[in-house]
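# Summary of structural features
One letter stands for each residue in the lines below.
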Amino acid sequence: MRRFAALIETLDATNKTNKKVEALSLYFQNTPKKDALWAVALLSHRRPSRPVTTTLMRTWAAELAALPEWLFEETYHIVGDLAETIALLIQKEGSGAPPSLSLCIENIIALKPKTEQEKKDYILNQWQNLNHFERFVFNKILTGGFRIGVSQKLMTRALSKAVAIDETILAHRLMGQWSPQTTTFDQLILHPNPEDQISQPYPFFLAHPVEDPFFNKENPQKWHVEHKWDGMRAQLILRKGKHFLWSRGEELITDKFPELEVLKNKLPEGTVIDGELIPFNENIIGNFQELQKRIGRKTVSQKLLKDIPIVLMAYDLLELDGLDLRPLPLSERQEKLTKLCQENCSPNLPLLQSKIYHFSDWEAVRAEREKADEKRSEGLMIKNKEAPYGVGRKKGSWWKWKSDPKNIDAVLTYAMRGHGRRTNLYTDYTFALWHKGALVTFAKAYSGLTDAEIKKLDQFIKQNTLDRFGPVRQVKPALVFEIAFEGIAPSSRHKSGIAVRFPRISRWRHDKKLEDANSLDDLKKLLP
Amino acid sequence: MPLLEFTSKGIYCKQADVYLDPWRGVDKALVSHGHSDHARWGSQHYITQEINVPVLKHRLGSISVSGKKYNETFTINGVQFSFHPAGHVPGSSQIRAEHKGEIWVFTGDYKTQSDGISTEFEPVPCHTFITESTFGLPVFQWENPRQVHEQINQWWAANQAEKTTSLLMGYSLGKVQRLLKHLDPSIGKIFTHGASEHMTQVLRQFIDFPETELITRDTTKKQIEGNLVLAPPAVLGSAWVKKLGVVATGYASGWMAFRGARRRRAVDRAFVLSDHADWKGLLSAIKATGCENVITTHGYTEIFAQYLNEQGWNAKTQKTQYESETEEKALAE
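Residues numbered from 1 in each chain as written. Chains lettered and ligands numbered in written order. Predicted model: local features only at pLDDT ≥ 70, side-chain atom pairs only at ≥ 80, totals over all residues.

A few words now on the overall build of chain A. Each helix and strand in chain A was counted, giving 21 helices and 20 strands. For 528 residues, the compact-globule estimate of 2.2 N^0.38 gives 24 Å, and chain A sits close to it at 26 Å. A burial count over chain A gives 36% of its 528 residues as buried. Across chain A, the fraction of contacts at a sequence separation of at least 24, relative to all contacts at a separation of at least 6, is 71%. (Helix = DSSP H or I, 4+ residues; strand = E, 2+ residues; numbered from the N terminus. Rg over C-alpha atoms; globule rule 2.2 N^0.38 Å. Buried ≥ 20, exposed ≤ 12 C-beta atoms within 10 Å, placed from the backbone. Contact = placed C-beta atoms within 7 Å.)

So, in structure tokens, the structure goes:
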């Protein structure tokens, strides 16, 4: 625990990637394997389930610090992070040696079925025995959410350095659902047994937004083009009579999409398909809002299955007959995918193949991109025909060329304090549009302003607060911002009746007055 | 009528017709200390503690200013005024006003910890205490500054071992001198940015500091390498820093207690060192005055006042133009 907390403190204190990799790699080399495996798990967002609610933690911390609860809450809102608030408030520097990381986590796991009093005794004891940063890390393990500027990729690179195993091989070994409770460093990382890993997905290959010089530099004939589907990226695995569906966040989502089970009997064993889950009803591609309804439900009812059927839009084949196809060029993988679909697909199966286009000039590609709305896509994917299937977000062979965003001018009405790096600044904004003489909330946006603009806006918000609700301030409506977004669809869950995808601030309209902002009717005109 | 009232120009004593730390030009201004949000340009005459006189002149140019000793009482139209150590920066004072047996104290900014360069904070009994509350949240609890200074010297020595220059940043008035006072000159030479150097020169007549050398156009990277440079935080990212060669950056501020602030600052090393009272410091200072009324002026004013009310004081908040809601403001200087 001491070593792990020191590692996190070091990682936290530097912006330099090399230093982070170096610190991580040293940690992996010098730490008992059991602890190192837990560190890998925590840094790849695998954490023990929460043994206590944050409400209880807040109550206990307020009690221990002898503060009224309202003061604890205010303080928490300002600090913006519960783990840190508690670490700061309980100012004790523990004297004894803390338990090892693995022991600490085992204790946390064992806590789950215990009584509230037992939980309280344990946690209060830890709070008082750890030093400041250990207390912070301990709370982070309890509450989950380790955002410390270390991506999984960075962690994998450091681990690769420490154990001298190729990074892409390691990335694959670390995929899927595993827990240090059921596996060991040796089994998972050093000497995995392929037989144990029938559910293991391949690391997803991710695209970069296309950059301007690309079109001048590249010959379109070397590239294949397809529409970019607005659904949920997924990997379907069929091995040894079983099927597994993985999300890009490495979550097993097999049970959320029971309609895909039929594919198990239709496609050969040893097949892995990369594609997009999309709503598809009576030959019409649905929108993302519908898919969200499916993702959001804990249990999938028959009615929901019927109302919003889902298909897998396949666009790559990663494994066939148990063989890893990723090193093959895309064109060969595509041939095999097409053959697989032709031989095994019937019209009623929840499997489609994403259509591939070949163009001889970029103008034609641009024209195809204009059809995105009509095709129900969010733009195009441009993929190098010769390229193997890579790991992670590697630049060069997969590009996304999204449709131009839609824009609307909206009024800032509420602001909330940011988290993490932006604690103490108002960085989360709510925007409204005119409707019958009043302002109606339509979207929240977090990004798009420069640091200098954020500071300026923060000052404005603090000086023009009409009301406060915890971390939220109601702001005098005065400032107009251009909000850009990708998709737009009707929604019964939103006050405005409209849901937009990926709203963000495209610019601060200093030139516009409050009354110049757009209306809800203007927004509705953008509905496809 | 209250002895001190809050007006659009600043804190005003009608009986004496003087302002305390006014933010607009007035005839007569009593000034608590030299930071720019308290000592503003444009008044006809300034009265302040004597150490603060050269500081004010350095900041505001040729002004009419008279200096008083700590605890020296002077009377203006029947109101007795005096300056008392606030421990914030050299020459910083609490301003006491007494009229017909009623006593008010305005703190300006203060800290209860000793910093080795400012005259230590002294509690002044009063009825009404006008207090800052920059760090008026229970999460702010400063550790022993000696440990922080030790960390700074260790950091410097470690950088030096890697032939890296240490760029240590802090406020030009107060923080830089406090840092300087506790640097270990046996590790290496101490260079300064102009803003840090000039203010330090002003204070050398009152306080012993280790030697410093101003960085000029002729200073070479080789001369600086492995040594320490003191500068205001505004230099971060500037061309001036690039000329220093490879540097490790360090920043000392109370705001560095927040992880978010540390990360946003993007410095290599953050030191939690403040010239303001922490939560316990504020509470102990208030208690020591024996006051009944508290007015909070800047910082987490409302939260702090609400807590004081629950603890039995008659506390309220007054809006002023003293700046401290965010760390960003403190850095603007």
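Turning our eyes to something else, we now look at the sheet that holds strand S13 (residues 190–192) of chain B. All names here are of chain B. One open sheet accounts for 6 strands, arranged S14-S13-S15-S12-S16-S17; its pairing is parallel. The sheet is open, and its two edges are formed by strand S14 (213–214) and strand S17 (269–271), each paired on a single side. Of the pairings in the sheet, the one linking strand S12 (residues 165–169) to strand S16 (residues 247–252) comprises 5 bridges and is parallel in character. Residue Leu167 lies in a different strand from S16, and its bridge partner there is Thr249. (Pairing = 2+ DSSP bridges.)

Before going further, it helps to examine the nonpolar core. Counting residues in hydrophobic clusters, the biggest one holds 184 residues, and the most contacted among them are Ala39, Val40, Leu236 and Leu312 of chain A together with Val229 and Leu230 of chain B. By residue number, the principal contributor to this core is strand S7 (residues 310–320) of chain A, which donates 9 residues. Leave out the neighbours within four places in its chain, and Val40 of chain A touches Met155, Leu159 and Leu174 of chain A. The next biggest cluster of nonpolar side chains, apart from the first, holds 32 residues, and it includes Phe431, Leu449, Phe481 and Ile483 of chain A. (Core = buried A, V, L, I, M, F, W, Y, C linked by C-beta atoms within 7 Å.)

Chain-level pLDDT for chain B is 93 on average; 97% of the residues reach the 70-or-more range. Counting contacts from residues 325–333 of chain B, a segment whose pLDDT is below 50, to residues more than four positions away or on other chains yields 15 contacts. (pLDDT = per-residue confidence, 0-100.)

Sheet faces and side chains relate simply in a regular strand, where the side chains alternate between the two faces. Residue and element names in this part refer to chain B. Relative to strand S19 (residues 314–317), strand S18 (residues 293–299) runs parallel, the two being bridged by 4 bridges. Along S19, the bridge assignment pairs Val294 with Ala315. In the classification by handedness, the crossover that spans S18, the intervening helix H9 (residues 301–310) and the parallel S19 is right-handed. (Right-handed = clockwise from strand over helix to strand, strands pointing away.)

A word on the interface of chain A and chain B. How big an interface is tends to be expressed through the accessible area that disappears when the partners come together. In this assembly, 26 residues from chain A lie in contact with 20 residues from chain B. Going through the elements one at a time, helix H1 (2–13), helix H5 (69–79), helix H6 (82–89) and helix H20 (451–463) of chain A are the ones with two or more residues in the side of chain A that touches chain B.

Another point: the pairing of S12 of chain B. Residue and element names in this part refer to chain B. For S12, the buried fraction is high: 5 of the 5 residues fall into the buried class. Covered by surrounding structure in S12 are Thr165, Leu167 and Met169 together with Ser166 and Leu168, the residues of both alternating faces. Relative to strand S15 (residues 228–231), S12 is paired through 4 bridges, and the arrangement is parallel. Bridging across to S15, Leu167 finds its partner in Val229.

Backbone hydrogen bonds hold the strands of a sheet together, and the pairing may be parallel or antiparallel. Residues and elements named next belong to chain A. Strand order in this open sheet of 4 strands is S1-S11-S10-S2, and the pairing throughout is mixed. Two strands lie at the open edges of the sheet, namely strand S1 (208–209) and strand S2 (223–229), each paired on one side alone. Taken together, the 2 bridges between S1 and strand S11 (residues 398–402) define a ladder with parallel strand orientation. Bridge assignment links Pro209 to a residue of S11, and that residue is Lys400. The strands touched by helix H18 (residues 362–370) within the sheet are S2, strand S10 (377–384) and S11, with S10 carrying the most contacts at an inclination of about 150°. (Axes fitted to C-alpha atoms, helices over the stretch in contact; angles between N-to-C directions.)

Moving on, we get to the packing of H5 of chain A against H6 of chain A. Residue and element names in this part refer to chain A. With their axes 9 Å apart at the nearest point, H5 and H6 run at an angle of 120° to one another. With respect to their mutual orientation, H5 and H6 come out oblique. At the point where H5 passes H6, the crossing takes the right-handed sense. When H5 is examined against H6, the residues Thr75, Tyr76 and Val79 are found in contact with a partner set consisting of Leu82, Glu84, Thr85 and Leu88. (Parallel < 35°, antiparallel > 145°, perpendicular 65-115°, else oblique. Left-handed = near helix turned anticlockwise from the far one by under 90°.)

Our focus in this paragraph is helix H2 (residues 145–161) of chain B. Residue and element names in this part refer to chain B. An ideal rise of 1.5 Å per residue puts 24 Å on 17 residues; H2 measures up with 24 Å between its terminal C-alpha atoms. Along H2, the residues that are buried comprise His149, Ile152, Trp156 and Asn159. Viewed end-on, H2 has its buried residues packed into an arc of 85°, placing them on one side of the element. Turned more than 90 degrees away from the buried face of H2, the exposed residues are Arg146, Gln147, Gln154 and Ala161. (Expected span 1.5 Å × (residues − 1). Arc of directions from axis to C-beta.)

Residues and elements named next belong to chain B. Considered domain by domain, chain B is made up of domain 1 (5–140 + 276–332) and domain 2 (145–271). Measuring from the centre of the C-alpha atoms in domain 1 to the corresponding centre in domain 2 gives 29 Å. Looking at the side of domain 1 that touches domain 2, the elements with two or more residues in it are helix H1 (52–60) and helix H10 (327–332). Broken down by element, the side of domain 1 that touches domain 2 gets its largest block of residues, 3 residues, from H1. The residue inventory of the side of domain 1 that touches domain 2, partitioned by class, reads 10 nonpolar, 7 polar and 2 charged. (Domains from an automatic or database assignment. Nonpolar A, V, L, I, M, F, W, Y, C, P; charged D, E, K, R; others polar.)

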